[in-house]
Amino acid sequence: MEDPHIYRRLALLEQQVRLLSERLELPCPTFGGDAGATAPGVFENGVPAEVVGLARSGNKIAAIKRYRELTGAGLREAKEVVDSL
């Protein structure tokens, strides 16, 4: 049985590595989620599918709020993730 909390934690860590790589102008490693290996419907490129859907429908505030609820991320990080979608 898979624990969805583990996927959330991994996605958050992967996103943090991506942001650090970008800011430091270093190559970012490829993660399992980049190849579609995460649980179906749960994440898309390390971001919960629900958050991606909200962001793509133009509801960025709701996407930021939901990302924070699902991952425990701070406001700034959640905004950066949603803005990157």
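Source: prediction; values computed, not measured.

A. Region of interest: the overall build of the protein chain. Within the protein chain, the secondary structure is distributed over 4 helices and 2 strands. When the helices and strands of the protein chain are listed from N to C terminus, the series reads α-β-β-α-α-α. For the protein chain, the proportion of its 85 residues judged to be buried stands at 34%. Just so you have it, the protein chain exposes about 5600 Å², and 57% of that area is on carbon and sulfur atoms.

B. Examining helix α4 (residues 75-83) more closely. Looking only at α4, the buried set comprises Glu77, Ala78, Val81 and Val82. When α4 is viewed along its axis, its buried side chains cluster within an angular range of 130° and face the same direction. Away from its buried face, by an angle of more than 90 degrees, α4 presents the exposed residues Leu75 and Arg76.

C. Inspection of the pattern of salt bridges at higher detail. What the rule picks out here adds up to 6 salt bridges. A salt bridge links arginine 23 to glutamate 80; its shortest N-O distance comes to 2.4 Å. Taken together, the residues span a long stretch of sequence, with arginine 23 in helix α1 (residues 4-23) and glutamate 80 in helix α4 at a distance of 57 residues. A salt bridge links arginine 66 to glutamate 50; the nearest nitrogen and oxygen atoms lie 2.9 Å apart.

D. Spatial organisation of the nonpolar core. By size, the foremost hydrophobic cluster in this structure holds 13 residues, and its most contacted members are Val47, Val51, Ala63, Tyr67 and Val82. Within the residue set of this core, elements represented by two or more residues are α2 (49-56), α3 (60-71) and α4. When residues in this core are grouped by element, the largest group, 4 residues, is from α3. Tyrosine 67 has contacts with Leu12, Gln15, Val47, Pro48, Val51, Gly72, Ala73, Glu77, Ala78 and Val81, leaving out every residue within four places of it along the chain.

E. Spotlight on the UniProt feature "domain: Large ribosomal subunit protein bL12 C-terminal" (unreviewed entry) in the protein chain. Cross-referencing UniProt, the feature "domain: Large ribosomal subunit protein bL12 C-terminal" (unreviewed entry) maps to residues 58-84 in the present numbering. Helix and strand shares over residues 58-84 are 78% and 0% respectively, and the end C-alpha atoms of the span are 13 Å apart.

The rules we used
Residues numbered from 1 in each chain as written. Predicted model: local features only at pLDDT ≥ 70, side-chain atom pairs only at ≥ 80, totals over all residues. Heavy atoms only, no water. Helix = DSSP H or I, 4+ residues; strand = E, 2+ residues; numbered from the N terminus. Buried < 20%, exposed > 50% of the residue type's maximum accessible area, 1.4 Å probe, protein only. Areas by Shrake-Rupley, 256 points an atom, 1.4 Å probe, with all protein chains shown as cover. Arc of directions from axis to C-beta. Salt bridge = Lys/Arg side-chain N within 4 Å of Asp/Glu carboxyl O. Core = buried A, V, L, I, M, F, W, Y, C linked by side-chain atoms within 4.5 Å. Contact = heavy atoms within 4.5 Å. UniProt positions renumbered as here; feature names shortened; annotations may be inferred.

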